[in-house]
Amino acid sequence: MGKYILQSESDSLLGAAFGRNIQTFGLDGSEIGIGAPGIGSDLKQPVLERYSETNIQVPGIDEPDMVKTDGKQIYYVPNQNYIYSFKDTFHDPNKTMVNIIKAFPPENLSKLTEIQGGGSMLLTGNTLVTFGSNTVKGLDTTEPDKPKEIWKLNLKDNVSIETARLKDGKVFLVTRAFLDRSSPCPKPIIEANGREMVIDCVDIYYPTVKSNTDSLFTVLVIDPKNGDYLQNATFIGSSSNSVFYMSQNNIYITYQLATDFVEFFYGFITSKAQDLFDHATLTKLKDLTNLEISNQAKLVELESILSNYQLTLADEQRRKVETELTNRLDNYSTEHKRELSQTAIVKINTDNLESSLVGVVPGSLLNQFSLDEYNEHLRVATTISSNFIVSAESENDIYVLDQNQQIVGSVLSLGLGERIYSVRFVGNIGYAVTFRQTDPFYTIDLSNPTNPQKAGELKIPGFSSYLHPLSQNLILGVGSEQNQVKLSLFDVSKTDAPIEISKYVLDEFWTQVSDSHHAFLVDPVHKIFFLPGGKSAYIFSYQNSQINLVTVFGETDIVRAVYINDYLYILGSNNISVYNEIDWQKINSEEL
């Protein structure tokens, strides 16, 4: 993603005549005339034309990261201060320093100042929002060398940050609090200026689907200018495998549903094995399904019922029942395995934060890219895995849900014996990679939401753990082959016949892109992309639909890159360096 500086129509036409867009305002906002470099009036200061943004999933919805830029300054949290949590990356406020760096023009590269207690960041206008382990701060950067803290939110005990987004100038903050079953509500969430925001019991939405709930999820809409929370919504859920996705219209938060094995087992008995039990035992099993106790407690009771029944049988009869029960249950479990692994999806409207719809899909989700909203339908990619009940092969599904969170279409049983390693939805097409020994790259035709189809399949060695659309017909896969980082370029111009047209294997065991898509950067103007590895960082070209290595940066601690105009800024743990993207000459560097 990149941002271009807007011009008036006349400016754009004149710029187009000289082959590029020309900004008509200096870095301080003063007008400097119309024309191309070297043409017209005294054009002495460099012109800011474009700069990169964080690599995100949904255009127009920013995600927190360790580096942000407005094209003039770079805001950067060096990597050694990061603390990796189970969700996003947040920080130890006592160790984390936000470096504010004057970045443009590159000849004047210099560190202006640093701020203690920062973290992952969002930038909107002159407000920098930082997320610490238990704080959210707003900083006024109108004078970047003298940033001022203008507001601060403190999270209360046992409340943590799940993630955040920036949309239409508002911060959407998602927190999670573990339930205190002895006193679940009212629940204080945050404190600001001595005032607590407390969630009352009547304000908590309880999804209608059965689940072993252990958490309160709260979505807060915050005004980044003053830290005021404009709206909030809270619902009960589970911390198990929660995934967050935000579209332009809705927020989706998922969690794994706990399997009620007793209910599943009773369904098996009534349909396949009534002849193996006496009437009294069948009645006890039916009564057990109706008890309002935990799933774990039900399992204990189930074992007791079955053990007592076994004691009434002679040895030969007992062995027969056990053998029949095992075989019939194996077959039934394979046929019904989608009932044993399910994910709830809570839908929250971004305008009013209403959360009255919950969908349920079989399987579990990999990450945020497993969800995508398009033309009022939600597409979901899941893996149906084996578990302590089902030993059958895993498989992978694609589901399409309507506005009411009801499944209206599906593609089932992709990659038998494999699991999803990466997925990406682009318009009417879905791309998924599954893996066990080879890397099936699937294309899914989603043009008809009620009748999606597997369109194409390509089997190649290795796997891709991140998929990135470089153009309408080119998908880049970043992953691994034989314990080395592998890059694959897929031609998807023919949906039913995807082709790997180029690949490159690096002498690297790992790339941060496999763990965080924020580490990836593509510059579509120069058709290059940045990839940080464990040993070095790399620039690749995808000109002429071929992956070619352009240059290597030998430092081992490079984690991010941004571009401003035709300059690439390489960010390490202790320094920042600038390179010209035309000839890759080093322009400047600065120790942090």
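This text follows the structure it describes.
What you are looking at is a predicted structure, and each value in this text was computed from that prediction instead of being measured.

Cut-offs used in this document
- Residues numbered from 1 in each chain as written.
- Predicted model: local features only at pLDDT ≥ 70, side-chain atom pairs only at ≥ 80, totals over all residues.
- Heavy atoms only, no water.
- Phe/Tyr/Trp six-rings, centres within 6.5 Å; stacked < 30°, edge-to-face > 60°.
- Lys NZ or Arg CZ within 6 Å of the ring centre and 35° of its normal.
- Disulfide = S-S within 2.5 Å.
- Helix = DSSP H or I, 4+ residues; strand = E, 2+ residues; numbered from the N terminus.
- Pairing = 2+ DSSP bridges.
- Axes fitted to C-alpha atoms, helices over the stretch in contact; angles between N-to-C directions.
- Core = buried A, V, L, I, M, F, W, Y, C linked by side-chain atoms within 4.5 Å.
- Buried < 20%, exposed > 50% of the residue type's maximum accessible area, 1.4 Å probe, protein only.
- Contact = heavy atoms within 4.5 Å.

Colleague: Summarise the packing of aromatic side chains; cite the residues concerned and give the values.
Modeller: Under the defined criterion, the tally for this structure stands at 20 aromatic pairs. Each member of the aromatic cluster is reached from another via a ring pair, and the members are Phe369, Tyr466, Tyr504, Phe520, Phe529, Tyr538 and Phe540. Cation over ring: Arg176 sits above Phe178, and NZ or CZ is 4.5 Å from the ring centre. Sitting over the ring of Tyr421, Arg419 keeps its end group 4.1 Å from the ring centre.

Colleague: Which residues make up the state of the cysteines, and what values go with them?
Modeller: With the rule as written, the count across this model stands at 1 disulfide. In this model, Cys185 is linked to Cys201 through a disulfide, with the two sulfur atoms separated by 1.9 Å. On the sign convention where negative means left-handed, the S-S torsion of about 105° between Cys185 and Cys201 marks this disulfide as right-handed. Highlighted residues: Cys185 in the loop between β14 (170–178) and β15 (187–192) and Cys201 in the loop between β16 (195–199) and β17 (204–205), separated in sequence by 16 residues.

Colleague: Break down the sheet that holds strand β21 (residues 250–257) for me, citing the residues and quoting the values.
Modeller: Across the sheet, 4 strands lie side by side as β20-β21-β22-β23; this open sheet has antiparallel pairing. The outermost strands of the open sheet, each flanked by one partner alone, are β20 (243–246) and β23 (357–362). Each strand of the sheet is rotated relative to its neighbour by a mean of 20°, with strand direction disregarded. Pairing between strand β22 (residues 342–349) and β23: 6 bridges, direction antiparallel. Following the sheet pairing, Ala344 is matched in β23 by Val360.

Colleague: Quick one: what's the story with unusual backbone geometry, residue by residue and with numbers?
Modeller: That bond from Phe104 to Pro105 is cis: its omega, 0°, falls within 30 degrees of zero. Structurally, the position occupied by Pro105 is in the loop between β7 (97–102) and β8 (110–116). The backbone of Gln482 sits at a positive phi, close to 50°, despite the residue not being glycine. By secondary structure assignment, the location of Gln482 is in the loop between β33 (474–481) and β34 (484–491).

Colleague: Can you tell me about the nonpolar core, naming the residues and giving the values?
Modeller: Among the nonpolar cores identified, the biggest contains 33 residues, and Ile253 and Leu371 are the most heavily contacted of them. Considering each element in turn, this core owes the most residues, 5 residues, to β21. Sequence-distant contacts of Ile253, defined by excluding residues within four places in its chain, comprise Val174, Phe217, Val219, Phe235, Val243, Phe244, Ala344, Ile345, Val346 and Ile348. Of all hydrophobic cores here, the second largest spans 32 residues; its members include Ala381, Val423, Ile444 and Val478.

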